[in-house]
Amino acid sequence: MSVAENNSTMQQEQEPEKMKKSLGVRFREYSLKVKDLMVDPNESDFTKSISISVGVFISIVPAWGLQTLIAVGAAFLFRLNKPLVIAASYLSVPPILGPILVLSMGLGAFFVDKAVHITLATANYDLVMAALHQYIIGSVVLALIAAPVFGILTFGILKIFVRKRA
């Protein structure tokens with residue numbers, strides 16, 4: 001057997017090994033990487049909590065399709081932990097998106113002249129635009145509330161974790 005045949009045989013044997021990793025093993029590896037980012041001793045707890053806070057803000061504000069780009073830009077601009085900002089900017093995933101939309105509409109109702117309650121039977125262009133206006137205002141307010149809350153929680157969790165480790 002030639003060297004080239006031997007190398008290709010070894011690659012074919014190694015490929016199934018990579019594919020054998022279960023979803024649980026891959027999730028564990030990913031969670032360990034995130035944990036390593038969180039407990040990086042070269043970065044302050046304040047920087048980590050601000051990174052999470054900025055990511056959460058970007059996630060909630062309606063920047064549809066541009067969240068990752070904005071997160072990367074903000075992380076570079078403010079010299080934050082880039083992976084943490086990007087990870088936190090993915091907060092608006094389908095299971096959490098419903099409550100974000102409902103809270104945004106509810107908070108927006110306090111800041112518009114006439115709150116909009118839209119149904120399929122009453123939907124028209126003007127009503128949809130009014131609801132969109134209410135949603136955008138509410139989502140910015142929700143982001144301004146949620147970002148510091150997540151930042152403070154992250155800071156507190158990191159302080160508790162560091163105390164336990166020391």
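Structural data are supplied above this passage.
For every chain, the first residue of the written sequence is number 1, and numbering continues from 1 onward in sequence order. Confidence filtering applies because this is a predicted model: local features only for residues at pLDDT of at least 70, side-chain atom pairs given and counted only at 80 or more, and all residues used for totals across whole chains, interfaces and linings. With hydrogens and water stripped out, all remaining heavy atoms of the structure feed into the side-chain values.

A. Main features of the overall build of the chain. From N to C terminus, the chain includes seven helices and zero strands. Overall, the chain shows an N-to-C arrangement of helices and strands of α-α-α-α-α-α-α. To sort residues, take the accessible area from a 1.4 Å probe on protein chains only and compare it with the maximum for the residue type: under 20% means buried, over 50% means exposed, and anything in between is partly exposed. Among the 166 residues that make up the chain, the fraction classed as buried is 28%. Any two residues whose heavy atoms approach within 4.5 Å are treated as being in contact. For the chain, long-range pairs separated by at least 24 residues make up 71% of all intrachain contacts whose partners lie at least 6 apart in sequence. Secondary structure is summarised from DSSP: a helix means a run of H or I of at least four residues, a strand means a run of E of at least two, and numbering begins at the N terminus for each.

B. Representation of helix H3 (residues 45-60) within the structure. In a regular helix each residue adds 1.5 Å, so 16 residues correspond to 22 Å; H3 covers 23 Å between its end C-alpha atoms and thus fits that length. Across the 16 residues of H3, 13 count as buried, placing the element largely inside the fold. Under the convention used throughout, the expected extent of a helix is 1.5 Å for every residue step, that is, one less than its residue count.

C. Representation of the pattern of salt bridges within the structure. When a carboxyl oxygen of Asp or Glu is within 4 Å of a side-chain nitrogen of Lys or Arg, the pair counts as a salt bridge. Enumeration over the complete set of coordinates arrives at one salt bridge. Put simply, Asp-45 and Lys-159 hold a salt bridge, and the shortest N to O gap is 3.6 Å. Of this pair, Asp-45 sits in helix H3 while Lys-159 sits in helix H7 (residues 125-165); the two residues are 114 residues apart in sequence, bridging distant segments of the chain.

D. Expanded view of the nonpolar core. Grouped together as the largest cluster of nonpolar side chains are ten residues: Ile-52, Val-56, Ile-60, Val-61, Leu-84, Ala-88, Ile-100, Leu-142, Ala-143 and Ala-146. Going through the elements one at a time, H3, helix H5 (82-88) and H7 are the ones with two or more residues in this core. Among buried residues, those of type Ala, Val, Leu, Ile, Met, Phe, Trp, Tyr and Cys that are joined through side-chain atoms within 4.5 Å constitute a nonpolar core. Formed by seven residues, the second largest nonpolar core is a distinct cluster that contains Val-54, Ala-74, Leu-80 and Val-85.

E. View of unusual backbone geometry. Notably, Arg-79 is not glycine yet its phi reads approximately 55°, a positive angle. By secondary structure assignment, the location of Arg-79 is in the loop between helix H4 (67-78) and H5. Classification of Arg-79 by relative accessible area gives exposed; the value is 73%.

F. Spatial organisation of H4. Here H4 contains twelve residues, and its C-alpha end-to-end distance of 16 Å stays within 8% of the 16 Å for a straight helix at 1.5 Å per residue. Taken residue by residue, H4 has Gln-67, Ala-71, Ala-74 and Ala-75 as its buried positions. For H4, the buried positions fall inside an angular range of 100° around the axis, keeping them on one side. For H4, the exposed residues lying more than 90 degrees away from the buried face are Leu-69, Phe-76 and Leu-77. On its buried side, H4 packs onto H3 and H5. At the exit of H4 stands Arg-79, carrying a positive phi of roughly 55°. Of all possible arcs, the one meant is that of the directions from the helix axis to the C-beta atoms.

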